[in-house]
Amino acid sequence: MTSANGKFDPRAALADLRHEFGEHGGVNLSIEASTTFTVLEAETMPELFSGRVGPEGGCYLYGRHFNPTVYTLGKQLAAIENTGAGYATASGMGAIAAALMQLCDAGDHVVSGNTVYGGTFALLNSFLPAKAGVTTTFVDVTDHAAVERAFRGNTRALYVESIANPTLVVSDIPALAAIAHRHGAALIVDNTFSPMLLTPANLGADIVVHSLTKFINGASDIIAGAVCGTQEFIGELMDLQLGTLMLLGSTMDARTAFNISMRVPHLGLRIVEHSRRAMLFAQRLSDLGLPVVYPGLADHPQHALLASMVNEGYGFGGVFGLDLGTSARAERFMETLQNEHGFGFMAVSLGFFDTLMSCSGETTSSELSEADRREAGIPPGYVRISIGYTGSVEQRWAQFASALERVGAPV
Ligand code: PLP
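Residues numbered from 1 in each chain as written. Predicted model: local features only at pLDDT ≥ 70, side-chain atom pairs only at ≥ 80, totals over all residues. Heavy atoms only, no water.

Engineer: Would you mind showing me how to read the layout of surface pockets here?
Structural biologist: One water molecule sets the probe size; rolling that probe over the atoms shows where empty space is left. Roughly 500 Å³ of volume is contained in the largest pocket. In terms of lining residues, the largest pocket is bounded by 29 residues, among which Pro55, Phe66, Tyr71, Gln231 and Gly235 are the most central. Going through the elements one at a time, α2 (44–50), α3 (68–81), β1 (85–89) and α8 (231–237) are the ones with two or more residues in the lining of the largest pocket. Element by element, the count of residues in the lining of the largest pocket is highest for α3, at five residues. The volume enclosed by the second largest pocket comes to roughly 420 Å³. Along the wall of the second largest pocket there are 16 residues; nearest its centre are Leu14, Leu17, His19, Glu20 and Gln76. Sorting the residues of the lining of the second largest pocket by element identifies α1 (10–15) and α3 as the ones contributing at least two each. Broken down by class, the residue content of the lining of the second largest pocket amounts to seven nonpolar, five polar and four charged. (1 Å grid on protein atoms, 1.4 Å probe; cavity = no way out; pocket = protein on both sides within 12 Å on 5 of 7 lines; lining within 4 Å. Points joined across faces, edges and corners; volume = space filled by probe spheres on them. Helix = DSSP H or I, 4+ residues; strand = E, 2+ residues; numbered from the N terminus. Nonpolar A, V, L, I, M, F, W, Y, C, P; charged D, E, K, R; others polar.)

Engineer: Quick question: what am I supposed to make of helix α15 (residues 393–406) here?
Structural biologist: Each full turn of the α-helix corresponds to 3.6 residues, which orients residues three or four apart in the same direction. When the terminal C-alpha atoms of α15 are compared, their 20 Å separation across 14 residues agrees well with the 20 Å that a helix rising 1.5 Å per residue should span. Where α15 is concerned, the buried positions are Val393, Arg396, Trp397, Gln399, Phe400, Ala401, Ala403 and Leu404. Lining the buried residues of α15 we find α11 (267–287), β9 (319–323), α13 (327–341) and β12 (382–386). Looking one or two residues past α15, Gly408 carries a phi angle of roughly 85°, positive in sign. (Expected span 1.5 Å × (residues − 1). Buried < 20%, exposed > 50% of the residue type's maximum accessible area, 1.4 Å probe, protein only. Contact = heavy atoms within 4.5 Å.)

Engineer: So what exactly am I meant to see when it comes to the site of the ligand here?
Structural biologist: Close to the ligand lie 14 residues; Met93, Asp190, Ser211, Thr213 and Lys214 are nearest. Here Gly92 contributes a backbone N or O atom positioned 2.9 Å from an oxygen atom of the ligand. Within the side chain of Asn165, one N or O atom sits 2.9 Å away from an oxygen atom of the ligand. When the ligand sits alone it has 390 Å² of accessible area, and the protein chains cover 92% of it. For the shell around the ligand, the leading source of residues is helix α4 (residues 92–103), giving three residues. Within the shell around the ligand, the residues separate by chemical class into five nonpolar, six polar and three charged. (Near = heavy atom within 4 Å. Polar contact = N/O pair within 3.5 Å; in protein donor to acceptor, adjacent residues only side chain to side chain. Areas by Shrake-Rupley, 256 points an atom, 1.4 Å probe, with all protein chains shown as cover.)

Engineer: What am I meant to see in the nonpolar core here?
Structural biologist: Side chains that are nonpolar tend, in soluble globular proteins, to be buried together. In this structure, Leu187, Leu212, Phe320, Phe333 and Phe400 are the most contacted members of the largest nonpolar core, which totals 121 residues. Those residues in contact with Leu187 that lie beyond four places of it in its chain are Leu158, Val160, Ile173, Leu176, Ala177, Ala180, Ala205, Asp206 and Ile207. (Core = buried A, V, L, I, M, F, W, Y, C linked by side-chain atoms within 4.5 Å.)

Engineer: How should I be thinking about unusual backbone geometry in this particular structure?
Structural biologist: With the exception of glycine, most residues fall at negative phi, and the peptide bonds are largely trans. Cis geometry is found at the peptide bond from Asn165 to Pro166, where omega equals 0°. Here Pro166 is to be found in the loop between β4 (155–161) and α7 (173–182). Residues other than glycine seldom take positive phi values, yet Met196 does so here, at roughly 75°. Along the chain, Met196 falls in the loop between β5 (186–190) and β6 (207–211).

Below, the structure written as structure tokens:
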């Protein structure tokens, strides 16, 4: 589980996994495409239904329950997240909703960071109160006294993003875990922005969720998610009476699991390059005196904190933000890059091999009211940039600098 220097390295953890060969000795795992599974003895069926036998013993029941290919992907993800188990879902939102609804019953309460992905905000702020009677108090996760004050007797979970979307505020996972645990609640960390570089479970998180749609898949061609946690928690998600994955049905398809599984081995390499380029661009923008936000920069408010939490060698992530003052200027900048230079795409999402850029306030954070966006620190001209690794660095920088010049930023 650790590298030679004794520190946790997710790539070493992945390599420690027993290799899953294909059915005929293939070097890649097989896709188990069956939706239903047979048994040799009829008496095994009730054992499967009662949960007395299951995937660890090589017994499977039905495709919406555990599937061998999805189970293998779950093990890869559990290895890099250093949790006892993991399971993949049809989307990141499927994972987040399943984890939250598994922990919370009607009438329960959640404390959440106030800068989270817009869909998560809407789930907590609008959907869960209306559909399940679960309410949420949103707080600034860097204000630990405010986080502590937000807890109530019925708080079941503290929900944060490791590096928040889109503000890049970094959560102090050990401190937040201590607060949650003092109140008997679980800490759920969305680690979508920082796979490999952060391992929240090593820092005290109880449950780690991912949108695999982003860096882990890396090709912007698959919507997917995952929940990583204890074997017991993953088992609860599949419970035939009360399991949110089993009953709300957001489990992943085997073909999708195979595709993503093929990209996990080079995730570490990709993250290193995303981080290297993000750092280089952010540093140059900072040197130009532009309002760039990147937690790898020494002047980022949580830089020292992030540096104290990261796994060595993966940098500080592939996303940075640039405040261009107004949404009109932000839009002109992105149009210039995409349409004149062929650099990147005006599109939501992140973690693609090419650059993706969006003006957060009018896109992925538009679920927040203007006041909530102000409170969360999302200015109207803020462009979130997920830097890709196509093209040469200097070619891309020249294009970036030219687009900045076009919109009147000093270069
Ligand atoms: N978590 C974060 C941090 C995200 O940015 C997103 C999507 O942008 C999600 C979760 C939701 O993931 P998905 O689109 O795979 O459902």
